[in-house]
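Chain by chain, the residues:
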Amino acid sequence: MSLLIRNIKTLVLAEQNPRRLVKGADMAALPLLHDAFLLIENGRIARFGPMPECPERAGQVLDARGRLVFPSWCDSHTHIVYAASREEEFVDRIRGLSYEEIAQRGGGILNSARRLQAAPEDDLFESALRRLHEVIGYGTGAIEIKSGYGLTVESELKMLRVIRRLKAVSPIPIKATFLGAHAVPLEYKERRQAYIDLIVNEMLPQVAAEGLADYCDVFCDKGFFSPAETDQILQAGWRYGLKPKIHANELGYTGGVEAGVANRAISVDHLEYTGDAEIEALKQGDTLPTLLPSCAFFLGIPYSPARKMIDAGLPVVLASDYNPGSSPSGKMSFVVSLACIKMKMLPEEAIHAATLNGARAMELETELGSIAVGKMANVFISAPISSLAVVPYSFGSNLVERVVLQGKVWEPPVRQ
Ligand code: NIG
Ligand code: FE
């Protein structure tokens, strides 16, 4: 089984010596190979190089004249298992309510939790699978999915079982994250510790016993979980072998970034509120800063200071945060556009952040995230475009012409 892609105008992120992560100033130096070929065998990248060295024969051949070939986007932060959209809150926000005000009166995450608790598992699976196929069509080739709209033992497990079913049928790798600490349910409002005890003593042991999660998340922020509460939950997660990957500093300077670094989190995500202290903390550890600009866009909150982070030498990651409340979109090319337009990242930096660094934030960097011999052949072929910068520039277009997953051209499933 082989696939040869010929006459590629530019092969993006083609690495002779695969890196595991790209930091700081290196993020602007994107490896590009012009007038290239890419040979895929048995689902893996077998060879690439300049067209004059292109092999003569192969099984299937695609001509990519005028087109760019990219490694698939690696979207390391999503919540695509949910029961219903929340456009009524969207309208409330247009009328002047804030995200936090909506949450305080029992809307927001708690609204999604009520609806998810009532939803049959099969319906959740079907709608999440549709969203998965949607984002694959936009070029996503690996994805992380969180629980966190269950907020009871039974419903958190239901969500994670849906993610397990998605893993079983998905054409792309999926990582599952347990987010029981997404919000404190109303019935626990006056006894928060009892909910944390439920997470630690009931949810985590069952999640671990069934092997349902790869990571443990906490929404460590104003009005949600404090750094001390986050410590308790993340330390319990570690006891079950679940590495932390947390939400932090979306709503204020709350100590979330420091809590993530102190707990050796793989990543701290959001970071709309990041000052010198947070950057200093990130420089001291290996925790990755993951930025979610489509959330800032949708909620009208400040964008993360990506430039300051890159200039400080940090390895920035970009992800979509696809969820019904703060980012009802999983289109990674739009995330890349926002990163460039609103956070002043260069196209090269944004592409590194949304591919190789995203893969690293899911511990998949040796498998995905760049074009390197031996890696899984998840790539996409663009429409004919004049240069790389057209991808973020054309923020409303879908420039993904063809998706290749494990060396096979992917066809979107036909739905009734
Ligand atoms: O990453 N901030 C916390 N969690 C999600 C939003 C969840 C929701 O509003 O439903 C986020 O933005
Ligand atoms: Fe999120």
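If you're wondering where the values come from, they're calculated on a predicted model, not measured in any experiment.

Draft legend 1. A look at the overall build of the protein chain. Summing up its helical and strand segments, the protein chain has 15 helices and 16 strands in all. Here the C-alpha radius of gyration of the protein chain, 21 Å, is about what a compact globule of 416 residues would show, namely 22 Å. Taken along the three principal axes of its C-alpha coordinates, the protein chain extends 70 × 50 × 45 Å. Across the 416 residues of the protein chain, 61% fall into the buried class. Within the protein chain, residue pairs in contact and separated by at least 24 positions form 73% of the contacts whose partners lie at least 6 positions apart. Accessible area of the protein chain: about 15,800 Å², with a carbon and sulfur share of 50%. In the protein chain, 44 positive and 49 negative side-chain charges are present, and the distance between their average locations comes to 4 Å.

Draft legend 2. Structural view of the coordination of the iron ion (ligand 2). Protein ligation of the iron ion (ligand 2) involves H77 (NE2), H79 (NE2), H247 (NE2) and D321 (OD), the donor distances falling in the range 2.1 to 2.3 Å. Read N to C, the donor residues that coordinate the iron ion (ligand 2) are spaced as H-x1-H-x167-H-x73-D. Linking H247 in strand β10 (residues 243–248) with D321 in the loop between β13 (317–318) and α12 (332–343), this pair joins segments that are 74 residues apart in sequence. For H247, a relative accessible area of 2% translates into the label buried.

Draft legend 3. Region of interest: the nonpolar core. The biggest cluster of nonpolar side chains holds 111 residues, and the ones touching the most others in it are V81, L166, F178, F225, L318 and M345. The dominant element in this core, judged by the number of residues it contributes, is helix α6 (residues 192–209), at 8 residues. Here this core spans two domains, since at least three of its residues come from each of domain 1 (2–70 + 370–409) and domain 2 (73–360). Excluding its chain neighbours within four sequence positions, the residues that come into contact with L318 are C74, L291, P293, M332, V335, A339, M343, M345, A350, A353 and A354. By size, the runner-up hydrophobic cluster in this structure holds 18 residues, among which are I8, A14, A377 and I381.

Draft legend 4. Structural detail: the sheet that holds β10. Pairing is parallel in the open sheet, where 8 strands are placed in the order β6-β7-β8-β9-β10-β11-β12-β13. Each edge of the open sheet carries a strand with a single partner, namely β6 (73–75) and β13. As defined by bridge partners, strand β8 (residues 174–181) adjoins strand β9 (residues 215–220) across 3 bridges and the pair is classed as parallel. Of the residues in β9, the one forming a bridge with T177 is Y215.

Draft legend 5. Structural detail: the packing of α6 against helix α7 (residues 227–239). Where α6 contacts α7, the two axes come as close as 10 Å, and the packing angle between them is 10 degrees. Relative to α7, the element α6 lies roughly parallel. Side by side, α6 and α7 meet where R192, Q193, I196, I199, V200 and L204 of the first sit next to E229, Q232, I233, A236, G237 and R239 of the second. Residues belonging to the contact of α6 with α7 are distributed by class as follows: 6 nonpolar, 3 polar and 3 charged.

Draft legend 6. Structural view of the domain arrangement of the protein chain. Segmentation of the protein chain into domains returns domain 1 (2–70 + 370–409) and domain 2 (73–360). A straight line from the C-alpha centre of domain 1 to that of domain 2 covers 29 Å. Of the roughly 2,500 Å² buried at the junction of domain 1 and domain 2 (both faces included), carbon and sulfur atoms supply 70%. Per-residue buried area on domain 1 facing domain 2 is highest for L21, M27 and P392; these three make up 24% of the total on that side. Remark: the boundary between domain 1 and domain 2 carries 0 salt bridges. Remark: the boundary between domain 1 and domain 2 carries 7 residue pairs in polar contact (both at pLDDT 80 or more).

Draft legend 7. Up close: the packing of helix α4 (residues 121–137) against helix α5 (residues 153–169). Two elements in contact, α4 and α5, have axes whose closest approach is 10 Å; the angle formed by their N-to-C orientations is 50 degrees. Classified by the interaxial angle, the pair formed by α4 and α5 is oblique. When the axes of α4 and α5 are compared, the crossing they make is right-handed. Facing E121, D122, L124, F125, A128 and L129 of α4, the residues of α5 in contact are K158, R161, V162, R165, L166 and V169. Per-class residue counts for the contact of α4 with α5 are 7 nonpolar, no polar and 5 charged.

Draft legend 8. Local environment of the site of ligand 1. In the vicinity of ligand 1, 15 residues are found, and the nearest of them are Y99, Y149, H182, E250 and S326. A distance of 2.8 Å separates an oxygen atom of ligand 1 from a polar atom in the side chain of H270. At a separation of 2.5 Å, an oxygen atom of ligand 1 approaches a polar side-chain atom of S326. Contact with the protein chains removes 100% of the 320 Å² of surface that ligand 1 exposes when unbound.

About the cut-offs
- Residues numbered from 1 in each chain as written.
- Chains lettered and ligands numbered in written order.
- Predicted model: local features only at pLDDT ≥ 70, side-chain atom pairs only at ≥ 80, totals over all residues.
- Heavy atoms only, no water.
- Helix = DSSP H or I, 4+ residues; strand = E, 2+ residues; numbered from the N terminus.
- Rg over C-alpha atoms; globule rule 2.2 N^0.38 Å.
- Buried < 20%, exposed > 50% of the residue type's maximum accessible area, 1.4 Å probe, protein only.
- Contact = heavy atoms within 4.5 Å.
- Areas by Shrake-Rupley, 256 points an atom, 1.4 Å probe, with all protein chains shown as cover.
- Lys, Arg positive; Asp, Glu negative; His and termini not counted.
- Charge placed at Lys NZ, Arg CZ, Asp CG, Glu CD.
- Donors = N, O, S within 2.8 Å, 3.2 Å for Na, K, Ca; no water.
- Core = buried A, V, L, I, M, F, W, Y, C linked by side-chain atoms within 4.5 Å.
- Domains from an automatic or database assignment.
- Pairing = 2+ DSSP bridges.
- Axes fitted to C-alpha atoms, helices over the stretch in contact; angles between N-to-C directions.
- Parallel < 35°, antiparallel > 145°, perpendicular 65-115°, else oblique.
- Nonpolar A, V, L, I, M, F, W, Y, C, P; charged D, E, K, R; others polar.
- Buried area = accessible area lost by both parts, 1.4 Å probe.
- Salt bridge = Lys/Arg side-chain N within 4 Å of Asp/Glu carboxyl O.
- Polar contact = N/O pair within 3.5 Å; in protein donor to acceptor, adjacent residues only side chain to side chain.
- Left-handed = near helix turned anticlockwise from the far one by under 90°.
- Near = heavy atom within 4 Å.

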